[in-house]
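# Understanding the architecture of this molecule
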Amino acid sequence: GAVVSQHPSWVICKSGTSVKIECRSLDFQATTMFWYRQFPKQSLMLMATSNEGSKATYEQGVEKDKFLINHASLTLSTLTVTSAHPEDSSFYICSARETGESYEQYFGPGTRLTVT
Amino acid sequence: DAKTTQPPSMDCAEGRAANLPCNHSTISGNEYVYWYRQIHSQGPQYIIHGLKNNETNEMASLIITEDRKSSTLILPHATLRDTAVYYCIVSTGANSKLTFGKGITLSVRP
């Protein structure tokens, strides 16, 4: 149980285009989901906290108009990278916390974004 | 959330116990100690967490000192598949975010 999926697993896009990444909790409901970004040889950095039915909370320095987050249901959150640039190339990882449970976050397998 | 300090790397022989240390001297009374690991190019995997008492599950054991200022993750019989970056994180747990440090790279050698 407690499986989180991400789609796509990798994507290549051209500079200036937008890319949507989906994060799904497959066998549990998640009121809260988190989006992280990881550059090569670095640790995960939290970008935003996504709550079902409300606006996401962004970490300092993360542009909310560039990284659009939608958490429309208890099993799906999406991250849209708008007007992508090469510096947005990174490994994007989501995690989900099961509704009613407080302790564990379950992570997705990640999405590798390359902007050319 | 309190900050953690981990050595950058360590290695151990396959089949032996791997003891991964973590310092969290500024931990608060309501903060848990979490351990996650990340195998190359994958999402992190939850291992274990604890508050005061030592904990054990099918993956590992977590030993927390009495003053809670440090802890040790023990993989009792390390395998090559345990080679990963291990993150020690302190967090209140209840809907709070996880702040990842640099972690410790564990290399299990044949």
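Residues numbered from 1 in each chain as written. Chains lettered and ligands numbered in written order. Predicted model: local features only at pLDDT ≥ 70, side-chain atom pairs only at ≥ 80, totals over all residues. Heavy atoms only, no water.

## Quick notes on the sheet that holds strand β8 (residues 76–81) of chain A
All names here are of chain A. With antiparallel pairing, four strands are arranged side by side in an open sheet as β1-β3-β8-β7. Either end of the sheet is taken by a strand with one partner, and the two such strands are β1 (4–7) and β7 (67–73). The mean inter-strand angle of the sheet, taken between neighbouring strand axes irrespective of direction, is 15°. In this structure, β7 lies alongside β8, joined through five bridges in antiparallel fashion. In the strand pairing of β8, Ile69 is matched with Leu79. (Pairing = 2+ DSSP bridges. Helix = DSSP H or I, 4+ residues; strand = E, 2+ residues; numbered from the N terminus. Axes fitted to C-alpha atoms, helices over the stretch in contact; angles between N-to-C directions.)

## Re the sheet that holds strand β8 (residues 84–91) of chain B
Residues and elements named next belong to chain B. Read from one edge to the other, the open sheet built from five strands follows the order β1-β9-β8-β3-β4, with strand pairing classed as mixed. At either margin of the open sheet sits one strand with a lone partner, and together these are β1 (9–13) and β4 (45–50). Ignoring strand direction, the axes of neighbouring strands in this sheet form an average angle of 25°. Direction of pairing for strand β3 (residues 32–38) relative to β8: antiparallel, over a ladder of seven bridges. Paired with Tyr34 across the two strands is Ile89, which belongs to β8.

## Re the nonpolar core
Of all hydrophobic cores here, the largest spans 25 residues; its most connected members are Val4, Trp35, Phe67, Leu79, Tyr92 and Leu113 of chain A. Contributing elements (two or more residues each) for this core: β2 (10–13), β3 (19–25), β4 (32–38), β5 (45–51), β7, β8, β9 (90–97) and β11 (111–115) of chain A. Residues Leu20, Cys22, Ala78 and Ile104 of chain B belong to the second largest nonpolar core, which totals 22 residues. (Core = buried A, V, L, I, M, F, W, Y, C linked by side-chain atoms within 4.5 Å. Buried < 20%, exposed > 50% of the residue type's maximum accessible area, 1.4 Å probe, protein only.)

## Let's talk about the interface of chain A and chain B
Across the boundary between the two partners, chain A contributes 19 residues, which contact 20 residues of chain B. Approximately 1500 Å² of surface area, both sides summed, lies buried where chain A meets chain B, with 51% of it carried by carbon and sulfur atoms. On inspection of chain A and its partner chain B, the count reaches one salt bridge. Across the pair Lys97 of chain B and Glu59 of chain A runs a salt bridge whose closest N-O atoms are separated by 2.9 Å. (Contact = heavy atoms within 4.5 Å. Buried area = accessible area lost by both parts, 1.4 Å probe. Salt bridge = Lys/Arg side-chain N within 4 Å of Asp/Glu carboxyl O.)

## Digging into the packing of aromatic side chains
Residue and element names in this part refer to chain B. A full pass over the atoms with the stated rule returns eleven aromatic pairs over all chains. A ring pair is formed by Tyr32 and Tyr34, whose centres lie 6.4 Å apart and whose planes are at 55°; its orientation type is tilted. By relative accessible area, which is 16% here, Tyr32 ends up buried. Geometrically, the ring pair formed by Tyr36 and Tyr46 is edge-to-face, given 5.7 Å between the ring centres and 75° between the ring planes. (Phe/Tyr/Trp six-rings, centres within 6.5 Å; stacked < 30°, edge-to-face > 60°.)

## Side note on the pattern of salt bridges
Residues and elements named next belong to chain A. Overall, the coordinates contain five salt bridges over all chains when judged by the stated rule. As a salt-bridge pair, Asp88 and Lys66 come within 2.8 Å of each other at their nearest N and O atoms. Separated by 22 residues along the polypeptide, Asp88 in the loop between β8 and β9 and Lys66 in the loop between β6 (57–58) and β7 bring together distant segments of the chain. With a relative accessible area of 4%, Asp88 lands in the buried category.

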